Structures are given as structure tokens and as C-alpha cells.
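Summary of structural features
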Amino acid sequence: MAKLVALIASLCFLSFLGAVYCKIEVRGEVYCDTCRVLFPTTVSTPAKNAEVLLECRDRENENNRTLSQSTTDIDGNGRYAIEVDGDHEDEICEVRLVQSLDTECNQIIPGLDRARVLISDNSGIASNVRYANPLGFIKAVPLPECAEVLIKTYGLLPTAHI
Ligand SMILES: *[C@@H]1O[C@H](CO)[C@@H](O)[C@H](O)[C@H]1NC(C)=O
């Protein structure tokens, strides 16, 4: 609880008119899909040296870009946070992978490279933090243990078994 209060306090300010004004923080995670299966597995690793972009566009006119903020500040667990000013309720916002400097894991595949996020104070969500779905870069060569991991964890069998 104390942690939550501290978090909200750090995102909220008293305006000169006496109203409380809060920023919204978008949080998410970037991983390396080490098995090339397009979802996180037990052998996925946190992405490192990556860049993520948060972008909003007007709902009516997609050429009208209303917000564009990127971060390369991704921690050891692949987590990032982007603080946003203002309300973007009537806009379409998404986080998207820009690039990875990890040459072993830098492929970008549509679907895993972006996630929608709602950035509004009036969304009925009490917290100032919005979580985006995880984004993933694809490893060029899958790890040798992937077949075993997939069978054990997910019951997936090679396609030959029909
Ligand atoms: C761009 O979008 C914003 C947010 O929806 C809107 O307030 C603004 O009027 C738009 N500008 C133009 C030039 O369409």
C-alpha cells in the first residue's frame, strides 16, 4: 500500500489552480523469443539494448500523430516505463518495438512488435499505471532445448505426429 501511495504521489502534482494533476505511466515488458514460437516460454529471456516507442494518433485522422515518446531504458528484467503528459482518451495509442542492438535477437515480426494501450484518466481505472502486453524480438536461431521445453511445458508435439 505504501508503495502504491508513493507511486501515485510521484506521478501527481498540484497545479497552480489547486487541482491535482496526474501523469500516466505506461509499463511493459520486452522479451527475446528464443524458441521462435511467437509467445513467451520458460526459456525466453529479457530483451536488452532495445528501444520501444509509444505513439498516439488521432482516431479520425491517423496521420495526426499526437504523441511520440521512445525509451531505451529497459531494466534487467526487460521492463520499461514511459511517463506521459496529458490525456489521450480519443486517440489510438500503442507501444511498438523500434530496434534491438542485440544481434542474436533482433528480428521484428508483425503481431509481436506492438500492443495497444489506453491512455486516459477517465477510463475507470483507479491507478495511474497502464500495462501494455509484452513485446518480443525473435532470436535468429532457436535454442537447442526448445523442442523439449515445448513438449514438456505446453504439450506441443512435432507436426509429424498427426
Ligand atoms: C490532432 O489530434 C488531436 C487529438 O485528437 C486534436 O485535438 C487536434 O485537433 C488534431 N489536429 C489536427 C490538425 O487534426
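Each remark here, short or long, concerns the structure printed above.
Residues numbered from 1 in each chain as written. Predicted model: local features only at pLDDT ≥ 70, side-chain atom pairs only at ≥ 80, totals over all residues. Heavy atoms only, no water.

As for the site of the ligand
Taken together, the neighbourhood of the ligand is formed by Asp 58, Asn 64, Thr 66 and Glu 91. Interatomic distance of 2.7 Å between a side-chain N/O atom of Asp 58 and an oxygen atom of the ligand. In this structure, an oxygen atom belonging to the ligand sits 2.3 Å away from a side-chain N or O atom of Asn 64. When the free accessible area of the ligand is taken as 360 Å², the share hidden by the protein chains comes to 38%. (Near = heavy atom within 4 Å. Polar contact = N/O pair within 3.5 Å; in protein donor to acceptor, adjacent residues only side chain to side chain. Areas by Shrake-Rupley, 256 points an atom, 1.4 Å probe, with all protein chains shown as cover.)

Some thoughts on the sheet that holds strand 6 (residues 65-71)
The four strands lie next to each other as 6-5-8-10, forming an open sheet whose pairing is antiparallel. Every interior strand has two partners, whereas the edge strands, strand 6 and strand 10 (114-116), have only one. Looking at each pair of strands side by side, their axes are set apart by 15° on average, direction ignored. (Pairing = 2+ DSSP bridges. Helix = DSSP H or I, 4+ residues; strand = E, 2+ residues; numbered from the N terminus. Axes fitted to C-alpha atoms, helices over the stretch in contact; angles between N-to-C directions.)

A short note on a negative patch on the surface
A contiguous patch of negative charge, built from Glu 60, Asp 87, Glu 89 and Asp 90, is present on the exposed surface. With respect to the helices and strands, Glu 89 occurs in the loop between strand 7 (79-84) and strand 8 (91-100). Taking the relative accessible area as the measure of exposure, Glu 89 reaches 33% and is therefore partly exposed. (Patch = residues over 30% accessible without salt bridge, like charges linked within 9 Å, V, L, I, M, F, W, Y side chains within 5 Å. Salt bridge = Lys/Arg side-chain N within 4 Å of Asp/Glu carboxyl O. Lys, Arg positive; Asp, Glu negative; His and termini not counted. Charge placed at Lys NZ, Arg CZ, Asp CG, Glu CD. Buried < 20%, exposed > 50% of the residue type's maximum accessible area, 1.4 Å probe, protein only.)

A few points about the state of the cysteines
Inspection of the entire model under this criterion finds three disulfides. One disulfide bridge connects Cys 32 with Cys 105, the sulfur atoms lying 2.1 Å from each other. The sign of the S-S torsion, about 110°, decides the handedness of the disulfide formed by Cys 32 and Cys 105: right-handed. Of this pair, Cys 32 sits in strand 3 (residues 24-33) while Cys 105 sits in strand 9 (residues 105-107), and the two are 73 residues apart along the sequence. The buried category is assigned to Cys 32, whose relative accessible area is 5%. A relative accessible area of 3% means that Cys 105 is categorised as buried. Linked covalently through their sulfurs, Cys 35 and Cys 146 form a disulfide whose S-S length is 2.0 Å. The sign of the S-S torsion, about -90°, decides the handedness of the disulfide formed by Cys 35 and Cys 146: left-handed. Taken together, the residues Cys 35 in the loop between strand 3 and strand 4 (45-46) and Cys 146 in helix 2 (residues 146-154) connect sequence positions 111 residues apart. (Disulfide = S-S within 2.5 Å.)

What to know about the pairing of strand 12 (residues 135-139)
Remember that side chains alternate between the two faces of the sheet whenever the strand is regular. Along strand 12, five of the five residues are buried, which leaves the element largely enclosed by surrounding structure. Here strand 12 shows no split at all, with Leu 135, Phe 137 and Lys 139 on one side and Gly 136 and Ile 138 on the other all buried. In terms of strand pairing, strand 3 meets strand 12 through four bridges, oriented parallel. Bridge pairing in strand 12 places Asp 33 opposite Ile 138. Relative to strand 12, strand 9 is paired through two bridges, and the arrangement is antiparallel. Pairing of Cys 105 across the sheet is with Lys 139, part of strand 12.

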